[in-house]
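Each chain, letter by letter, is given below.
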Amino acid sequence: MKEKLEKIREEALAQIGAAQSLEALNEVRVGYLGKKGALTELLKGMKSVAPEDRPKVGQMVNEVRVLLENALEEKKSALEDALLEARLEEEVLDVTLPARKNRVGHRHPNTIALEEVERIFVGMGYEVVEGPEVEKDYYNFEALNIPKDHPARDEQDTFYINDEIVLRTQTSPVQVRTMEQGKLPIRMIAPGRVFRSDEVDATHSPSFHQIEGLVIDKHITFADLKGTLAEFARELFGEETKVKFRPHHFPFTEPSAEMDVSCFKCGGKGCRFCKGSGWIEILGCGMVHPKVLKMCDIDPEEYSGFAFGVGLERIALLKYEIDDMRLLYENDIRFLKQF
Ligand code: DAH
């Protein structure tokens, strides 16, 4: 009996010492002190001990039990301490480390330019409207006085969905859609994407953006057009900016013009930026053609108006001195983050 007890004590202490986790330690405890544990089993064997020896043996067993319980308790707190230590080490937060940078995107040069143009016209009381990119041939051409055989169709070759439906080549169809609604007067700009079957190069893309403008009211004259667009140019390119109107032809305006602004780089003296001329072409404009008004059920005897169309990329390229349009579409962060 004594040897057995001795053996249990030695083995149990060794196992307690070797336990690497709380779970393993608990198994040791159950193995010796549990209901079917080795020490418990030993107590059950007391019957075979001579009655006079029982108190002594009982005492010995108890001593071993207390010894093992203490050893278990000690090991348990040691393991718990180690566990806490490891966790603290793992979860340490070094507040002196440099912060991880969040790379936040920002507005595209096109968007910056568009918002600038919108700000200027909204400030003059214009409304911002939109029209569909997939457009009826009627709105894109016919109603703008560009019939099927008109040479202007060659310059604006586009992608046909079918005979009647095209990807719009200009934002001008939004003029027609707005006039058709019959609410007068009109003061609107219509920004949006347009399409042409052009080859990609430094100044062309099959998809780009325009901003259309339209004013219809009683007594609108070319003077209103000039005053408005001159003010637009000054706000966009600076107070010193001068404008020049050159006669031009657009089927849906009469008379029509192209507007140049004095070069904001050299002030008009002539430089590489304006190719030595001192002027930079910026938009097309004109007085809305009476035929177009009539097709939209507006009486040209009572109402008149002016319209203009600006290339958004052209403005972005000029304002930010970008020399290749393709850069605007390549989504290269190194380029985009400069603006
Ligand atoms: N839609 C024309 C184009 O894409 C630009 C334009 C010219 C628009 C004169 C107008 C305008 O509203 O009056 O070439």
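For clarity, every value in this text was computed on a predicted model and none was experimentally measured.

J.: Hey, could you go over the pairing of strand β8 (residues 279–288) for me, with residue numbers and the actual values?
T.: Among the 10 residues in β8, eight count as buried, and that is most of the element. Relative to strand β9 (residues 304–311), β8 is paired through five bridges, and the arrangement is antiparallel. Bridge pairing links C285 to F308 in β9.

J.: Explain the site of the ligand residue by residue, including any values.
T.: What surrounds the ligand is a group of 16 residues, the closest being Q170, S172, R196, Q210 and E212. A distance of 2.9 Å is found between a nitrogen atom of the ligand and a side-chain nitrogen or oxygen belonging to S172. A distance of 3.0 Å is found between an oxygen atom of the ligand and a side-chain nitrogen or oxygen belonging to Q175. For the ligand, the protein covers 91% of the area, taking 360 Å² as the surface of the free molecule. Looking at the shell around the ligand, the elements with two or more residues in it are β5 (207–217), β8 and β9. Residues that form the shell around the ligand fall into these classes: five nonpolar, nine polar and two charged.

J.: Tell me about the side chain of T241, and name the residues and values.
T.: The topology assignment puts T241 in the loop between α9 (222–237) and β6 (243–250). Overall, T241 belongs to the buried group, its relative accessible area being 8%. In terms of polar contacts, T241 uses its side chain to reach the backbone carbonyl oxygen of F237, at 3.4 Å. Setting aside its immediate chain neighbours within four residues, T241 contacts A233, R234, V261 and S262.

J.: Tell me about the UniProt feature "domain: Aminoacyl-transfer RNA synthetases class-II family profile" (unreviewed entry) in the protein chain, and name the residues and values.
T.: The positions that UniProt labels "domain: Aminoacyl-transfer RNA synthetases class-II family profile" (unreviewed entry) are, in the present scheme, residues 117–330. Along residues 117–330, the helical share is 25% and the strand share 30%, with 23 Å between the first and last C-alpha atoms.

J.: I'd like to hear about the environment of F195, residue by residue, with values.
T.: Residue position: F195 is located in strand β4 (residues 186–195). Overall, F195 belongs to the buried group, its relative accessible area being 12%. Between the C-alpha atom of F195 and that of D157, which follows or precedes it by 38 residues, the distance is 8.8 Å. The contacts of F195, once residues within four sequence positions are left out, are E133, T158, F159, L167, R168, T169, P206 and S207.

J.: I'd like to hear about the packing of aromatic side chains, residue by residue, with values.
T.: Using the criterion set out here, one finds 11 aromatic pairs in the structure. Taken together, a centroid distance of 6.1 Å and an interplanar angle of 75° make the contact between F222 and F245 edge-to-face. Taken together, the residues F222 in helix α9 and F245 in strand β6 connect sequence positions 23 residues apart. Here F222 falls in the partly exposed class, since its relative accessible area comes to 24%. Taken together, the aromatic side chains of F121, Y126, F232, F306 and F308 make up a single cluster linked through ring pairs. One residue, R177, lies across the ring of Y139, its end atom 4.2 Å from the ring centre. In this structure, K265 is placed above the aromatic ring of F273, and the distance from its NZ or CZ to the ring centre is 5.8 Å.

J.: Give me the lowdown on unusual backbone geometry, citing residues and values where you can.
T.: A cis amide bond links L184 to the next residue, P185, at an omega of -5°. Along the chain, P185 turns up in the loop between α8 (173–180) and β4. With omega at -5°, the peptide bond leading from E254 into P255 counts as cis. Here P255 shows up in strand β7 (residues 253–262).

Each value, and the rule that gives it
Residues numbered from 1 in each chain as written. Predicted model: local features only at pLDDT ≥ 70, side-chain atom pairs only at ≥ 80, totals over all residues. Heavy atoms only, no water. Buried < 20%, exposed > 50% of the residue type's maximum accessible area, 1.4 Å probe, protein only. Helix = DSSP H or I, 4+ residues; strand = E, 2+ residues; numbered from the N terminus. Pairing = 2+ DSSP bridges. Near = heavy atom within 4 Å. Polar contact = N/O pair within 3.5 Å; in protein donor to acceptor, adjacent residues only side chain to side chain. Areas by Shrake-Rupley, 256 points an atom, 1.4 Å probe, with all protein chains shown as cover. Nonpolar A, V, L, I, M, F, W, Y, C, P; charged D, E, K, R; others polar. Contact = heavy atoms within 4.5 Å. UniProt positions renumbered as here; feature names shortened; annotations may be inferred. Phe/Tyr/Trp six-rings, centres within 6.5 Å; stacked < 30°, edge-to-face > 60°. Lys NZ or Arg CZ within 6 Å of the ring centre and 35° of its normal.

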